[in-house]
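# Analysis of the macromolecular model
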Protein chains: 4
Amino acid sequence: MPLMSDPLVIAGRSFASRLFLGTAGYPSQKVFLDALEASGAEMATASIRRMSLASYEESLADLLSGRVHILPNTAGCQTAKDAVLTAELAREALETDWVKLEVIGDRELLYPNVEELLKATEDLVGRGFVVLPYCNDDPVTCQKLADLGAATVMPLGSMIGSGLGIANPHMIELICARSPVPVVLDAGIGTASDAALAMELGCAAVLLNTAVSRAHDPVRMAAAFRHAVEGGRLARLSGRIPKKLHAEASSPEFGLVGS
Amino acid sequence: MPLMSDPLVIAGRSFASRLFLGTAGYPSQKVFLDALEASGAEMATASIRRMSLASYEESLADLLSGRVHILPNTAGCQTAKDAVLTAELAREALETDWVKLEVIGDRELLYPNVEELLKATEDLVGRGFVVLPYCNDDPVTCQKLADLGAATVMPLGSMIGSGLGIANPHMIELICARSPVPVVLDAGIGTASDAALAMELGCAAVLLNTAVSRAHDPVRMAAAFRHAVEGGRLARLSGRIPKKLHAEASSPEFGLVGS
Amino acid sequence: MPLMSDPLVIAGRSFASRLFLGTAGYPSQKVFLDALEASGAEMATASIRRMSLASYEESLADLLSGRVHILPNTAGCQTAKDAVLTAELAREALETDWVKLEVIGDRELLYPNVEELLKATEDLVGRGFVVLPYCNDDPVTCQKLADLGAATVMPLGSMIGSGLGIANPHMIELICARSPVPVVLDAGIGTASDAALAMELGCAAVLLNTAVSRAHDPVRMAAAFRHAVEGGRLARLSGRIPKKLHAEASSPEFGLVGS
Amino acid sequence: MPLMSDPLVIAGRSFASRLFLGTAGYPSQKVFLDALEASGAEMATASIRRMSLASYEESLADLLSGRVHILPNTAGCQTAKDAVLTAELAREALETDWVKLEVIGDRELLYPNVEELLKATEDLVGRGFVVLPYCNDDPVTCQKLADLGAATVMPLGSMIGSGLGIANPHMIELICARSPVPVVLDAGIGTASDAALAMELGCAAVLLNTAVSRAHDPVRMAAAFRHAVEGGRLARLSGRIPKKLHAEASSPEFGLVGS
């Protein structure tokens, strides 16, 4: 296709794809690899907590290297201290300074713990990490994270794994409009139109996992998201028509037959 | 890209693209032709009322032939009689039996006149036309149109040109689930995610005009819709995850560090 | 309470309450009568088809008379002919010219048959009935019904009994703004806020049944709707603040401590 | 009316009304007092920063005493230190331990600063205050506030003064379901149905200001909200019908005429 969206740059690294993929929950390794290819993603995230100890996950790390950038994450961490330790283990094991920072404050709703998240971000930035924090759709927290040196902010659309899409699109739009760093929509995406909407609101990229891995056909769904993210980004760049509260004919009614 | 959506068949004619484009309101003929190509559309609709008398529009007909199927429409008609006359003029001028049937009951809101629409459909089917009627998001009217022999039904998402998207997605989904003929979402689309959503709800295709022609960059927006329609269709075919009212971790928390 | 909403006038009859209640599906006659009183409703609708032949329903008619106006309805009718016959039976049995006109086109979705509805309205108006037709949220059909002499129009919020609320509030608002006769929201109401919203959009009244009769506590829910309809009407009359896309402090920050 | 909602208890104080009113931005003192009476509110909040130094506001304090409980607030504060100082001034001036705690992190969006809010809550609870903190619609922050001893949590519906209503009703519902202390919806309410919805989601009360003070007719709007809050609470207590994705007739169609 002739028209492509613009590349994304995070912390000096350039990405042609604005879709980041999680690695968990696929029916098989083959399905995961096929989905990864169909998605066009250039970055995939995996939980270092699991990866570092399980042989299956280690082979995953081997598989990913060469194909995509690995973004280790701190899923399951509940304190800044725990998250920092986990990030350090990831850096050692995977030889990357990048980390998707999750510090959860509620094991059921999987919402972030804002205080611990901010502490961990400050600490990790000080240790030379490239920090991509998962956070609330809260403009004040997003601003603080950017001020502390986060490479992106990653506000949630809705609860992790819920598939409810973007609960508060207006706030995501405001966060995007004000953020000094790229905004990556993380969590809640259920289907292609959710991802397109995220891009239209001004997000720089979308990270998703369950929506692909648990779809009936993960590989096809990965292709769906590839198109949706590209379509949403192009739409964002194209300047959509305003919403009008009345109808408007496509063209003025001149030259009617017989008139 | 490896995965493609399935072809669409209407009245025995097969389409690789599920996007139909209107021809009105572009800044220039060149922009229109570039947008048409970027969209990948194989069918374009134009108002025969204007086309038949204006030299510019006649050349449009020439331009389109060979590139895409022309779908003449009866925009501006307010009675069945008027619409049938217009369709007959189109058939003669353009040598096609296909017609997008519009019979408007309110010149401000551009909502259909259900009674006249049904009459015109019956009449045109009897005359051998392939009728694609623009109608309300009303399952009873849609069923009647199919019973009368319409080749598709084309319920509105919201008011023509409003860019408000799909006002009642649940009803569009029900119409799609029950329709014996392909459902083409017509009117109201504002941006890429609206089109993706239409496909996810079960629509067979999307017809749009203003959202492309009046975008700031029509050509890029046409490409956006190409991706969005493809992405939405693939998502439909992939079986999305259910919406959950609680969070769900991407993967169970086994093998934690230190445990 | 000091402030009351304005009375509603339909076909020359004045109502202090803008809530109309259905009579079906209550756990017992006592619960129904208590709910009716708690609701403050001055008009209740009942199906003549059932009422005319069942002894239970006949006693219902006796019970209602003196308390409220009875509004017989043509629920279950599928043709204009059938509806007109039913209305005539009701007029004879109940000595009222008023009729809530239902002509259903789909026994599963309970959506109106627009063509038959319009025919029946014309016929019944000609026979001297005061016709209150249940119809789609379609501005063209609403206008036609008013033109034919309907005393109100009664567009659906969403499917009968669904409790989904008002699927397309913008269109209900447009219908209200343009209607020459009172608009009564009929069908789909699930809870108090739905009814308040209907009034805020400009509806003259709300008709509901299932939301009260099938609530866990129908009597209390009837009181809830009494308040919600009154609150919604008062809000409509009060001129709400506009929606703003940014925050606005309640008052300017002058006179800060220490400044 | 026969049926009343249940009383609300906060920190041992009982309220018959579940509506709290702000005092800022009214056209005149008379309009404010009339609105206050029409609302039925038993608690009104005012900014101590302004009140303590301005003679107009001091007379407001005199006016309020005897009519309603005064709830001083810390509007305009941006640090915990500043908020604590302001609360202490309020306690001295107004002889109340109650304080609505606002610590703002963004002067444009008026979103809370979570870290400072938590610090201030802890400090004020230690000083013997009854703390009602304005916070994000974030279940983790709400839980922390309750754990620190807050008497209520007051999540925002949407931005202060925006009139956008409840942006994320599902999350408000989850917060209510999990909160060990009463949840008071604060900020964003625009009209009566928004307040009714808040109560239906499980909120214990609603606090609003601009929606009344800046309405075209503040006194009537205050009455509207009185009804809406009462209606919403009663609906919550009544057990609403479930939402169904298909229609359901009010009653089974037995005994049809002629059958």
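Residues numbered from 1 in each chain as written. Chains lettered and ligands numbered in written order. Predicted model: local features only at pLDDT ≥ 70, side-chain atom pairs only at ≥ 80, totals over all residues. Heavy atoms only, no water.

This is how it is decided: UniProt positions are given in the numbering used here, feature names are shortened, and annotations may be inferred rather than shown by experiment.
If you check an unreviewed UniProt entry, chain A appears there as Thiazole synthase from Aquabacter spiritensis. Quoted verbatim from the Pathway (unreviewed entry) heading of the UniProt record, the comment on chain A is "Cofactor biosynthesis; thiamine diphosphate biosynthesis." The record in UniProt for chain A states the following under Function (unreviewed entry): "Catalyzes the rearrangement of 1-deoxy-D-xylulose 5-phosphate (DXP) to produce the thiazole phosphate moiety of thiamine. Sulfur is provided by the thiocarboxylate moiety of the carrier protein ThiS. In vitro, sulfur can be provided by H(2)S."

### Focus: the overall build of chain A
Rules: For helices the rule is a DSSP run of H or I covering at least 4 residues; for strands it is a run of E covering at least 2, with both sets numbered from the N terminus onward. Here the globule rule is a power law, 2.2 Å times the number of residues to the power 0.38, and the radius of gyration is based on C-alpha atoms. Think of it in three bands: with a 1.4 Å probe and only protein chains considered, a residue is buried below 20% of the maximum accessible area for its type, exposed above 50%, and partly exposed in between. Residue contacts follow a heavy-atom distance rule, with two residues in contact if any of their heavy atoms lie within 4.5 Å. Exposure was quantified through the Shrake-Rupley algorithm and a 1.4 Å probe, taking into account, for residues, occlusion by the shown protein chains and nothing else.
In terms of helices and strands, chain A carries 10 helices and 10 strands. Relative to a compact globule of 259 residues, whose C-alpha radius of gyration would be 18 Å, chain A shows 20 Å and is just as compact. Its C-alpha atoms give chain A principal-axis dimensions of about 80 × 40 × 35 Å. Burial analysis of chain A (259 residues in total) assigns 62% to the buried set. Considering only contacts in chain A between residues 6 or more positions apart, those separated by 24 or more positions represent 65%. With an accessible surface of roughly 8,800 Å², chain A has 51% of that area assigned to carbon and sulfur atoms.

### Considering the relation of the copies chain D and chain A
We count it as follows: All copies are superposed by least squares; the fitting set is the C-alpha atoms of residues with a pLDDT of at least 70 in both.
Once turned by 180° and shifted 0.0 Å along the axis, chain D lies on chain A with an RMSD of 0.0 Å. What the superposition gives is, in effect, a two-fold axis relating one chain to the other. Of the residues that chain D buries at the interface, 100% are likewise interface residues in chain A, meaning the two copies contact each other through the same surface.

### Here's the deal with the pairing of strand S3 (residues 19-22) of chain B
Residue and element names in this part refer to chain B. The cut-off we apply is this: A pair of strands is labelled paired if DSSP reports no fewer than 2 bridges between them.
Burial of S3 is two-sided: the residues Leu 19 and Leu 21 facing one way and the residues Phe 20 and Gly 22 facing the other way are all buried. Pairing analysis gives 3 bridges linking S3 to strand S10 (residues 205-208), with the strands arranged parallel. Across the sheet, Phe 20 pairs through a bridge with Leu 207, a residue of S10. Bridging between S3 and strand S4 (residues 43-47) involves 3 bridges; their strand directions are parallel. Its bridge partner being in S4, Leu 21 is matched across the sheet by Ala 44.

### Section: the packing of helix H8 (residues 192-200) of chain B against helix H10 (residues 218-238) of chain B
All names here are of chain B. Heads up, the condition is: Only the stretch in contact is used when a helix axis is fitted, and all axes are lines through C-alpha atoms; the angle between N-to-C directions ranges over 0 to 180 degrees. Geometric relationships in this document are graded by angle, where less than 35 degrees denotes roughly parallel, more than 145 denotes roughly antiparallel, 65 to 115 denotes roughly perpendicular, and other angles denote oblique. For a crossing to be left-handed, the near helix must be turned anticlockwise from the far one by less than a right angle; the clockwise case is right-handed. Each residue gets one of three labels, nonpolar for Ala, Val, Leu, Ile, Met, Phe, Trp, Tyr, Cys and Pro, charged for Asp, Glu, Lys and Arg, and polar for the others, Gly among them.
It is at 7 Å that the axes of H8 and H10 come closest, and there the two elements cross at 30°. The orientation of H8 relative to H10 falls into the category roughly parallel. Crossing handedness for the pair H8 and H10: right-handed. Residue-level inspection shows Ala 192, Ala 195, Ala 196, Met 199 and Glu 200 of H8 in contact with H10, the latter providing Ala 224, Phe 225, Ala 228, Val 229, Gly 232, Arg 233, Ala 235 and Arg 236. Partitioned by chemical class, the residues of the contact of H8 with H10 number 9 nonpolar, 1 polar and 3 charged.

### Quick word on the nonpolar core
Using the following cut-off: We define a nonpolar core as any set of buried Ala, Val, Leu, Ile, Met, Phe, Trp, Tyr and Cys residues linked to one another through side-chain atoms lying within 4.5 Å.
Core analysis: the biggest nonpolar cluster contains 166 residues, and Val 206, Val 212 and Phe 225 of chain B together with Val 206, Val 212 and Phe 225 of chain C have the highest contact counts within it. Among the nonpolar cores identified, the runner-up in size contains 158 residues, and Phe 32 and Ala 211 of chain A together with Cys 203 and Val 206 of chain D belong to it.

### Here's the deal with the interface of chain D and chain A
As a measure of interface size, the accessible area lost when the parts come together is often cited. For clarity, the threshold we go by: Joining two parts hides part of their accessible area as seen by a 1.4 Å probe, and the buried area is that hidden amount summed over both. Salt bridge, as applied in this entry: a Lys or Arg side-chain nitrogen positioned within 4 Å of an Asp or Glu carboxyl oxygen.
Counting residues at the interface gives 23 residues for chain D, matched by 24 residues for chain A. Buried surface at the junction of chain D and chain A, summed over both partners, amounts to about 2,000 Å²; 56% is from carbon and sulfur atoms. Taking the shortest distance from any N to any O, the salt bridge between Glu 108 of chain D and Arg 178 of chain A comes out at 3.4 Å. Those elements that provide at least two residues to the side of chain D that touches chain A are helix H5 (114-126), helix H6 (139-147) and helix H7 (169-178) of chain D. At 4 residues, H7 of chain D tops the list of elements feeding residues into the side of chain D that touches chain A.

### Considerations on the pattern of salt bridges
The full count for this structure, using the stated rule, is 56 salt bridges over all chains. Here Arg 127 of chain C and Glu 88 of chain C are joined by a salt bridge, their closest N and O atoms 2.9 Å apart. Taken together, the positions of Arg 127 of chain C in the loop between helix H5 (114-126) and strand S7 (130-135) and Glu 88 of chain C in helix H4 (residues 80-94) put the pair 39 residues apart, joining distant regions of the chain. Several salt bridges share partner residues, and in doing so they unite Glu 88, Arg 91, Asp 97, Asp 123 and Arg 127 of chain A into one network.

### Some details on helix H1 (residues 29-39) of chain D
If you check which residues of H1 of chain D are buried, you get Phe 32, Leu 33, Ala 35, Leu 36, Ala 38 and Ser 39 of chain D. Positive phi shows up at Gly 40 of chain D, right after H1 of chain D, with a value of about 75°.

### Details of the packing of aromatic side chains
Which entries qualify depends on this criterion: Each Phe, Tyr or Trp ring (for Trp, its six-membered ring) is paired with any other whose centre lies within 6.5 Å, and the angle between the two planes then decides the class: stacked below 30 degrees, edge-to-face above 60, tilted in between. As a reminder, the over-ring test applies to NZ of lysine and CZ of arginine, requiring each to be within 6 Å of the ring centre and within 35 degrees of the ring normal.
Here the structure, examined in full by the defined rule, presents 12 aromatic pairs over all chains. Here the aromatic rings of Phe 15 of chain A and Phe 20 of chain A are separated by 5.5 Å at their centres, their planes lie at 55°, and the arrangement is tilted. By the burial criterion, Phe 15 of chain A is buried, and Phe 20 of chain A matches it. Ring-pair connections join several aromatic residues into one group, and the members of that group are Phe 15, Phe 20 and Trp 98 of chain A. Directly above the ring of Trp 98 of chain B sits Arg 13 of chain B, whose terminal nitrogen or CZ lies 4.0 Å from the centroid.

### Focus on the UniProt feature "active site" (unreviewed entry) in chain A
Residue and element names in this part refer to chain A. With numbering matched to this structure, UniProt assigns "active site" (unreviewed entry) to Lys 100. When you line up the elements, Lys 100 lands in strand S6 (residues 98-101). Judged by its relative accessible area of 5%, Lys 100 is buried. Excluding anything up to four places from it in sequence, Lys 100 contacts Thr 45, Leu 71, Pro 72, Asn 73, Thr 74, Leu 132, Tyr 134, Met 154, Asp 186 and Leu 207.

### Here's the deal with the state of the cysteines
Residue and element names in this part refer to chain C. Under the convention used in this document: Cysteine sulfur atoms are paired as a disulfide whenever they fall within 2.5 Å.
Evaluation of the coordinates by the stated rule reveals 0 disulfides over all chains. The structure places no disulfide on Cys 142, whose sulfur is separated from the nearest cysteine sulfur, that of Cys 135, by 3.8 Å. The cysteine Cys 203 is free of any disulfide, with Cys 176 supplying the nearest cysteine sulfur at 3.8 Å. Look at Cys 203 and you get buried, because its relative accessible area is 0%.

### Some words on the packing of helix H8 (residues 192-200) of chain C against helix H8 (residues 192-200) of chain D
Between two packed helices, both the angle of their axes relative to each other and the distance between the axes serve to describe the pair. At a minimum axis distance of 8 Å, the contact between H8 of chain C and H8 of chain D shows a crossing angle of 175°. Taken together, the axes of H8 of chain C and H8 of chain D are roughly antiparallel relative to one another. On the side of H8 of chain C, the interface is formed by Ala 192, Ser 193, Ala 196, Leu 197 and Glu 200 of chain C, while H8 of chain D contributes Ala 192, Ser 193, Ala 196, Leu 197 and Glu 200 of chain D.

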